[in-house]
Amino acid sequence: MNLNNNQKYLFSFVTALLISFFVEAYLTAVTCSLNINDFFPLFSFKKLIVLFILSFILFRILYDNELRQKVLDFIYKYRYYLSVLIIAVCVIFQIHGSSINELNIFGINHNLIAGISRSIRSDEYLVNTMFAFSQYHNGFGYFSDIVRAAPTDMFIIYGQTVLDIAVIFRPFNIGYLFLNQGMGLSFFWVSRFVVLTLVSFEMGMLLTNKNKILSLSYAILVILSPLVQWWFAINGLVEQLIFGQLGVVLINFYMNTIDYRKRILSALLMIICIGGFLVVFYPSWQIPFAYVFILLAIWIFLKNRNNFSYDKKDLLIIFTSLIILGLLMLHILNNSLDTIKIIMNTAYPGGERFNGAGEWEYFFNYLASIFFPLTDVNLPINAVEHSVFIDFFPVPIIISIIVLVIQKTKDKLLLGLLALYLIFIIFYFIPLPDPIISLTLRDHMKTTRLFDVISFISLLILIRSLASLKEIKAKKLLIIASAILSVIVVYLSTLYYHNYYHLWMIIALVIIYAITFSSIFTAHSEKGKIIFLICVIFISFTAGALVNPIDHGTDVVLENDYSHEVESIVHQDPNGKWIVSELRTNYIIATGAKTISSVNVYPDLDKWHVIDPNGQYEDVYNRYAHFIVDFQNETNTTFNLVSADLIHINMNVNDLEKLNVSYISTPKDLEQFSNGNITFEKIYEKDSYKIYHLKYN
C-alpha cells in the first residue's frame, strides 16, 4: 500500500495512540495484578504521553520504507557504540532490573520506573544482590567472614566480585570494583542484558546465513524468554548463554580472519569464555548447554575447515591460550577446591541424582508463560520453575521435517540438532542404567533444568529451519492447519493449567498462536519473516519483558535509619556476630554485619557441631540453606527441615554463647529470656524491629 506523507503521519498518529493506550493499560494491569479496583488510580497519563511519543516515532519509521531502512542500517552499523552508550547512561542513572524494592521494609519513599518487583525472586534480591553489597565491607576479598560469620568462599558458588585475577571470568561484576553499589548493580544488570542481546544476534547471523530479521527474532526469543528473565541474575544462566554463544562466534571469527592480531584477541576472549562458562558451577545447566555449544563449535569447524589457513603461529596461540587458561583454573581450584568438596558432599544440592522422570506438560509451558507476569493465581507451580524458552513446540519439529524431507535440503547442523534433541528427550523421559547416566553426566542434570535446554535446542532448530525454508504452496491450507494446531496445543496446555486459565486467556492464546504458526509456515518470504518478527516481539514483550521491574538506585536497603544503626554498631564492634530473626536474614550483611543466620550457600559444619556435638541434625543443616530462627529456654536447640533449602532453628538461648553471638535483630521481646548466664539488652528499636546486645555472665 503506497501512502503519501500526510497519510503516513495520520497512520503513525492513530497507531501510536492505540498502541500507547494498550501498553500503558497492560503495564498497569501488571502493576496491580489485574485488580480492576486499583487500575485507574495507577494509570499514568505522563507515561502515556511518553509511550505515545515513542510509539509515534517508531511507527513513523515503520511506515516509511526509506526512512526505516536508513534507521535500521544506522543501528546495525553502530550497534556496538550504541550499546556502550546505553550501558553508560543506565549506569549513570543507576537503572537496573532488580526486585530490591521487596526489601523496602522501613517505608523509604521509592518509586519504580516501570513494572513491579517480584517477591518470588528472593534468590536475586536477597541473596545475590546482598552478597554483592557485603563485598564492599570486605575489600572484595576472595573469602569473607560477613556471610555466615565464618570464612566463606565468595567466588565459586554465588559468583561474587573479588579483587583477584579470577574476576576476569566474571566480567559483568567488575563494575562493583570501581563504582558504588547502585552503579555496580546497574552495570551488572544492563551490561549482561545488552551483551546477551548482541551475542545472540551474532549467533543468529551464523544460524541463518546472515538473515538480519531472523537473527533479530532469535535474539529477542533468547533475551526476553521467560527462562532468561525469571532467572536473570542467579545461577549464571545469562553468563552461560553469553560465553557459550560467544565462544562459537569467536571460533568462526578466528577461522575467517588472517589478521593475527585479531586471532590473538579472539584467543584471549576464548579463554574468558571457557573459564567463565566453567566457573558458573551449576551443572544442571552447564552440562546440557555444553553439549549444545560443543555441537555448534564442531559445525563451525567443519564448515570453515577447507578455507582455514594456519601455520605454526596458530599452534603457539592455541598452546599459550591453554597454558594461561590452565594456570588460571589451577589458581581458582587452589582457592576453592575445599569449597567444591564440601558442596559435593552436602545433602542438598550435592547429594541429588537425576534420571528420567520428565513431565510432558513442560513442552507446553511456553503458552501459559504469556500470563505469568500478570497473575499467579491458581498456577500449579511457581512461574520461575515453569519458565522455558518460547520454542512454539511442536512447530520446530514439523518445519525441520518439511525442510529436510519434503524440500530435501541437506543441512548437517539441522540433523545434528535433531539428533541431540532426540538424545535429550530420551534423557528427559526414560530412566537409564547407571553406567550410561554416569558416562553422559545425566545424573547431574536436574530434570526440569534439562528441559530448559531441550526448549533451547528446539528454538535453534526453528531458526535454522526458517533460514532454509522454501515456499509452501496451498496457503489457505496452511492457515487452516495453523489454526487447528493452535487449538490442539492450547487444549493440551489446558489439561495442566485448567484451573489457571480463564476463558479469555484460552481465546487469546488460540488467536495469538494461530497467527504466529501461520507466520512461521510462510516465513520463506520477507513479508512472512517480518510478520514472524512482530509476533515474536509481542509474545516476548508479554512473557519476558514484563517479568522484571525497571528500577533505580539502592536507597531502599542502604538509606534508612535501621541500616545506618547497624552500620554504626558494626563500626564500633566490627567482630561482633549477629543473628537475624524474622527480618530478611541477608538484609544486614549489606551493612557489613557478620551474620550467622545469613544464607549458608554451603554448610559450616564446625559451627553447628558446637551446639549439635553428636551430629543428630547433620542431615538437616548439611546443605545450602536459608534459616528461620526462633528463641526459647525450655528445650535443647533443634533443627527442622522445612523444605529442601529452608531450615527452622528452635534455638535455646543458652547456646548463643557457644556461637559467640553478640547481637540479635528481631521483632520479638527477648528480655524475658535474660537469666544468670545471659542478658539481652535492647539497644535500638525501629518500628517493630529491635536490636539486642548480648552480655554473657
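Residues numbered from 1 in each chain as written. Predicted model: local features only at pLDDT ≥ 70, side-chain atom pairs only at ≥ 80, totals over all residues. Heavy atoms only, no water.

### Some remarks on the overall build of the protein
Broken down by element type, the protein carries 27 helices and twelve strands. A compact globule built from 697 residues would reach a C-alpha radius of gyration of about 26 Å, and the protein, at 27 Å, matches this within 12%. Among the 697 residues that make up the protein, the fraction classed as buried is 55%. Long-range pairs, those at least 24 residues apart, make up 71% of the contacts in the protein between residues at least 6 apart in sequence. In the form shown here, the protein has an accessible surface area of approximately 30600 Å², with 64% of it arising from carbon and sulfur atoms. (Helix = DSSP H or I, 4+ residues; strand = E, 2+ residues; numbered from the N terminus. Rg over C-alpha atoms; globule rule 2.2 N^0.38 Å. Buried < 20%, exposed > 50% of the residue type's maximum accessible area, 1.4 Å probe, protein only. Contact = heavy atoms within 4.5 Å. Areas by Shrake-Rupley, 256 points an atom, 1.4 Å probe, with all protein chains shown as cover.)

### Some remarks on the sheet that holds strand 5 (residues 577-580)
Ordered by their spatial adjacency, five strands build an open sheet running 6-5-10-12-11, and the pairing between neighbours is mixed. Two strands close off the open sheet at either side, each with one partner strand: strand 6 (594-595) and strand 11 (678-686). Here four bridges tie strand 5 to strand 10 (residues 661-666), and the two strands are oriented parallel to one another. Residue pairing across strands places Ile 579 opposite Ile 664, the latter belonging to strand 10. (Pairing = 2+ DSSP bridges.)

### Describing the packing of helix 17 (residues 395-406) against helix 20 (residues 447-468)
For the pair helix 17 and helix 20, interaxial distance at closest approach is 9 Å and the crossing angle is 35 degrees. Between helix 17 and helix 20 the crossing geometry is left-handed. Residues Val 395, Pro 396, Ile 399, Ser 400 and Val 403 of helix 17 form the contact with helix 20, whose own contacting residues are Ser 458, Ile 461, Leu 462, Ser 465, Leu 466 and Ser 468. Looking at the contact of helix 17 with helix 20 residue by residue, the class counts come to seven nonpolar, four polar and no charged. (Axes fitted to C-alpha atoms, helices over the stretch in contact; angles between N-to-C directions. Left-handed = near helix turned anticlockwise from the far one by under 90°. Nonpolar A, V, L, I, M, F, W, Y, C, P; charged D, E, K, R; others polar.)

### Structural notes on a nonpolar patch on the surface
Where nonpolar side chains cluster on the molecular surface, the patch consists of Trp 360, Leu 422, Ile 426, Phe 429, Ile 430, Tyr 491 and Leu 495 and spans about 660 Å² of accessible area. Broken down by secondary-structure element, the contributors of at least two residues to the nonpolar patch are helix 18 (412-429) and helix 21 (475-497). A per-element tally of the nonpolar patch places helix 18 first, with three residues. The residue Ile 430 is located in the loop between helix 18 and helix 19 (434-439) in this model. (Patch = residues over 30% accessible without salt bridge, like charges linked within 9 Å, V, L, I, M, F, W, Y side chains within 5 Å. Salt bridge = Lys/Arg side-chain N within 4 Å of Asp/Glu carboxyl O.)

### A word on unusual backbone geometry
Between Tyr 348 and Pro 349 the backbone carries a cis peptide bond, its omega angle lying at 5 degrees. Within the element layout of this structure, Pro 349 appears in the loop between helix 14 (312-344) and helix 15 (365-368). Going from Phe 393 to Pro 394, the amide bond is cis rather than trans, its omega being 5 degrees. Here Pro 394 lies in the loop between helix 16 (383-386) and helix 17.

### Digging into the environment of Ile 87
Note on placement: Ile 87 falls in helix 5 (residues 79-92). For Ile 87, a relative accessible area of 15% gives the class buried. Sequence separation between Ile 87 and His 137 is 50 residues, and the spatial gap between their C-alpha atoms is 26 Å. Non-local contacts of Ile 87, meaning those with residues more than four positions away in its chain, are made with Phe 187, Val 190, Ser 191 and Val 194.

### As for the pairing of strand 8 (residues 638-643)
As paired strands, strand 8 and strand 9 (residues 646-652) are joined by five bridges and run antiparallel to one another. Paired with Phe 639 across the strands is Ile 649, a residue of strand 9. Between strand 8 and strand 9, which pair antiparallel in sequence order, lie two residues.

### A short note on the pairing of strand 9
Here strand 9 lies mainly inside the structure; five of its seven residues are buried. One ladder, built from seven bridges, connects strand 7 (residues 626-632) with strand 9; its direction is parallel. The partner of Gln 632 across the bridge, within strand 9, is Asn 652.

### Some thoughts on the side chain of Asn 128
Mapped onto the secondary structure, Asn 128 falls in helix 6 (residues 122-134). Excluding its chain neighbours within four sequence positions, the residues that come into contact with Asn 128 are Asp 123, Tyr 158, Gln 160, Phe 188, Ala 233 and Ile 234.

### Thoughts on the nonpolar core
If you look at soluble globular proteins, the nonpolar side chains tend to sit buried side by side. Counting 168 residues, the largest nonpolar core has Phe 392 and Tyr 513 as its most contacted members. For this core, the leading source of residues is helix 20, giving twelve residues. Those residues within four positions of Tyr 513 in sequence are excluded, and the remaining contacts are Tyr 366, Leu 367, Ile 370, Ile 390, Phe 392, Ser 486 and Ile 539. Counting 27 residues, the second largest nonpolar core, distinct from the first, contains Tyr 621, Leu 656, Leu 659 and Val 661. (Core = buried A, V, L, I, M, F, W, Y, C linked by side-chain atoms within 4.5 Å.)

### With respect to the packing of helix 9 (residues 212-223) against helix 20
Where helix 9 meets helix 20, the axes come as close as 10 Å, and the angle between the chain directions of the two elements is 170 degrees. Comparing their axes, helix 20 and helix 9 come out roughly antiparallel. Here Leu 214, Tyr 218, Leu 221 and Val 222 of helix 9 come into contact with helix 20, specifically with Phe 456, Leu 459, Leu 460, Ile 463, Leu 466 and Ala 467. (Parallel < 35°, antiparallel > 145°, perpendicular 65-115°, else oblique.)

### As for helix 6
Burial runs high along helix 6: eleven of the 13 residues are buried. Buried residues of helix 6: Glu 124, Tyr 125, Leu 126, Val 127, Asn 128, Thr 129, Met 130, Phe 131, Ala 132, Phe 133 and Ser 134, and no others. The inward-facing, buried residues of helix 6 abut helix 7 (175-178), helix 8 (181-207), helix 24 (555-558) and strand 7.

### A look at the sheet that holds strand 7
Read from one edge of the open sheet, three strands run 7-9-8, paired in mixed fashion. Looking at which strands have only one partner, the edges of the open sheet turn out to be strand 7 and strand 8. The sheet shows a mean angle of 20 degrees between the axes of neighbouring strands, direction not considered.

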